[in-house]
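What follows is the residue order along each chain.
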Amino acid sequence: MTARPGFWPFTADGIADPFEGYAAELAEHPARRLPDLGVAVVTGHRGVTTVLRDSHALVAAVPTAEQLGGGDRDAGAPLRDTLRRMLALSDGESRQRARRAMQRAFAVDVVGRHRSIARTLAEDLLVRCAPAHTGRPADLVEEYTAPIVATVLDDALALEPGQGDHIRALWKVASATVDAPQDGLSPDAPRQLAEIRETLLEAIDRCRPSPGPSATHAMLHGEGDRADGDELVANLIFVLTSGHRSLVQAMALAAHTLATQADVMRRLGDGCSLDTAIEELLRWDGPVHLVQRVPCEDIALDTCTLRAGEPVMLFLGAANRDPSCFAEPDVVDLGTGRRQHVAFGFGQHYCVGATLARIVLRESVAALAAGAPGLRLTREPEWTVPRRGLRHLWVTW
Ligand code: HEM
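In this report, we go over the structure that sits alongside the text. (Residues numbered from 1 in each chain as written. Predicted model: local features only at pLDDT ≥ 70, side-chain atom pairs only at ≥ 80, totals over all residues.)

Side note on the overall build of the protein chain
Next up, step 1: Looking only at helices and strands, the protein chain features 18 helices and 12 strands.
Next up, step 2: What you see for the protein chain is a C-alpha radius of gyration of 21 Å, in line with the 21 Å of a compact globule of 397 residues.
Next up, step 3: Taken across its 397 residues, the protein chain has 44% of its residues classed as buried.
Next up, step 4: A separation threshold of at least 6 residues defines the contact pool for the protein chain, and within that pool the share at least 24 residues apart is 71%. (Helix = DSSP H or I, 4+ residues; strand = E, 2+ residues; numbered from the N terminus. Rg over C-alpha atoms; globule rule 2.2 N^0.38 Å. Buried ≥ 20, exposed ≤ 12 C-beta atoms within 10 Å, placed from the backbone. Contact = placed C-beta atoms within 7 Å.)

As for the site of the ligand
Next up, step 1: Around the ligand lies a shell of 26 residues, among which G243, A250, G345, C351 and G353 are the nearest.
Next up, step 2: When contributions to the shell around the ligand are tallied by element, the ones reaching two or more residues are α5 (96-105), α14 (229-260) and α18 (354-371).
Next up, step 3: Of the residues in the shell around the ligand, the class split is 19 nonpolar, six polar and one charged. (Near = placed C-beta within 6 Å. Nonpolar A, V, L, I, M, F, W, Y, C, P; charged D, E, K, R; others polar.)

Structural notes on the sheet that holds strand β8 (residues 312-315)
Next up, step 1: Sheet architecture is open: five strands sit in the order β1-β2-β8-β5-β3, paired in mixed fashion. Looking at which strands have only one partner, the edges of the open sheet turn out to be β1 (31-34) and β3 (57-59). Each adjacent strand pair in this sheet contributes to an overall mean axis angle of 30°, direction not counted.
Next up, step 2: As paired strands, β1 and strand β2 (residues 39-42) are joined by four bridges and run antiparallel to one another. Within β2, the position partnered with A31 by the bridge is V42. (Pairing = 2+ DSSP bridges. Axes fitted to C-alpha atoms, helices over the stretch in contact; angles between N-to-C directions.)

These figures capture arrangement, not role.
As structure tokens, this is what we get:
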């Protein structure tokens, strides 16, 4: 989807504060079609949840093998097969068995053990990167959020320490044509995809003989639906790349809020409910701003009817600031649980990793509130585009 509406926030300048543009769009057009661009744009909470709930709204089609291969169909076929097996990129009944297996594997009885792992890691890393100890500001992305998530996900998926980082580096090259087909496929890409597959199949084989504590074990053993083989490989790649990025950025954005709003940090220190605070931090500044769907039948919303075949941009970051759903949406209110936020999506593609993400986010915020109550920026953060996130978050305390 290349067409861009007028208020497009995903530019180097706009990404640091997309919310002003969202507010104007919400006030004027919580949902509208842009026939000249051939897309529709939905920012209102009601419209976003209506579309995400509707089984006629399909995830956008995976690019063809030829596109992914930079013109070479055979070279692009393995990447296309991998993408099509990912839950996030598939629709209909056939995905339900794998989704149930993933839901069971990332349920609290399996991933709950990561609470103490994340807490210990967060406390240790915070001490290690403390400016009082190193004599320089800390970069909370490089030195805190990214290593916590990498360690937790390696453990959750039964990988050797560091294997997730290696897979992410390989995937960056192997999947580059998803975002930039015009650049062509790197000659290394097919070999790198094959190496990822081999590494993950080895991890799966290690979990096969008997039940164990990891989510990968849970997908292979236990009651009910199971996932295995190339389908499991594809979804493990999704967890290690998209899940990793979302969680690293959710934690970094929460830390940014604490470093820039002293009263929010104070309330955390005063012992407000951490679970409520986490939901509000996710609502106020979550890492996933935009998801897309293509309706296969018309979908009627309050202010317009979305047309079959016309791609729809759903702005989750705007829906989370919709004043018709949240009173004073631009204020961080740690006192009330505003759980109707859509930071994890909604409906049939609702985030499978939400429980694990909440656990790790909670422990990272708790460690900051306890160990770095004076947290503040030392320079303006570096934002990433097109997905809003923080490349670096330089702080002291
Ligand atoms: C705070 C961190 C995270 C946020 C905000 C987040 C957000 C989201 C969102 C918005 C979706 C829905 C996308 C759509 O509707 O098109 C989604 C789907 C998904 N997420 Fe997350 N995510 C996070 C962390 C994770 C983690 C840690 C994992 C894995 C352990 C994960 C695994 C998944 C999977 C597998 C899906 C696809 C579900 C499906 O299509 O059925 N996410 N996530």
